[in-house]
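Residue-level structural notes
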Amino acid sequence: MIGLPAGTRVWLAAGMTDMRKGFDGLAGLAQTSLTQDPFSGHVFVFRGRRGDIIKLLWWDGQGLCLFAKRLEKGRFVWPQADSGAVS
């Protein structure tokens, strides 16, 4: 299990994200769409169009970590917004 430091915030990117994006693309979205520093140690969560895939981007102090989760059944519940962020 990966433990997050105390005070770590989790940012949800509202709307849909192209799940073909990797480290650099998602870090760019964190900077432009969420207006946050991807190297701050906070966790940034992005959801795919269908809602069955999410990706998490996190700076652990040494490098960026990219985690992905795909559901076989069901969808991830997401805030109803077209753009912006939820913290």
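Below is a short write-up of the structure. (Residues numbered from 1 in each chain as written. Predicted model: local features only at pLDDT ≥ 70, side-chain atom pairs only at ≥ 80, totals over all residues. Heavy atoms only, no water.)

Check the secondary structure of the chain and you find 1 helix and 5 strands. Reading the chain from its N end, one meets helices and strands in the order β-α-β-β-β-β. In summary, the chain has a C-alpha radius of gyration of 12 Å against a globular reference of 12 Å for 87 residues, a match within 12%. Taking the principal axes of its C-alpha atoms as reference, the chain extends roughly 35 × 30 × 25 Å. Buried residues in the chain amount to 34% of all 87 residues. A sequence separation of at least 24 residues applies to 55% of the contacts in the chain between residues at least 6 apart. (Helix = DSSP H or I, 4+ residues; strand = E, 2+ residues; numbered from the N terminus. Rg over C-alpha atoms; globule rule 2.2 N^0.38 Å. Buried < 20%, exposed > 50% of the residue type's maximum accessible area, 1.4 Å probe, protein only. Contact = heavy atoms within 4.5 Å.)

Taken together, the 7 bridges between strand E3 (residues 53–59) and strand E4 (residues 64–70) define a ladder with antiparallel strand orientation. Pairing of Ile-53 across the sheet is with Arg-70, part of E4. The antiparallel hairpin formed by E3 and E4 contains 4 residues in its connecting segment, where Gly-61 sits at a positive phi of about 105°. (Pairing = 2+ DSSP bridges.)

Honestly, it's all geometry; don't read function into it.
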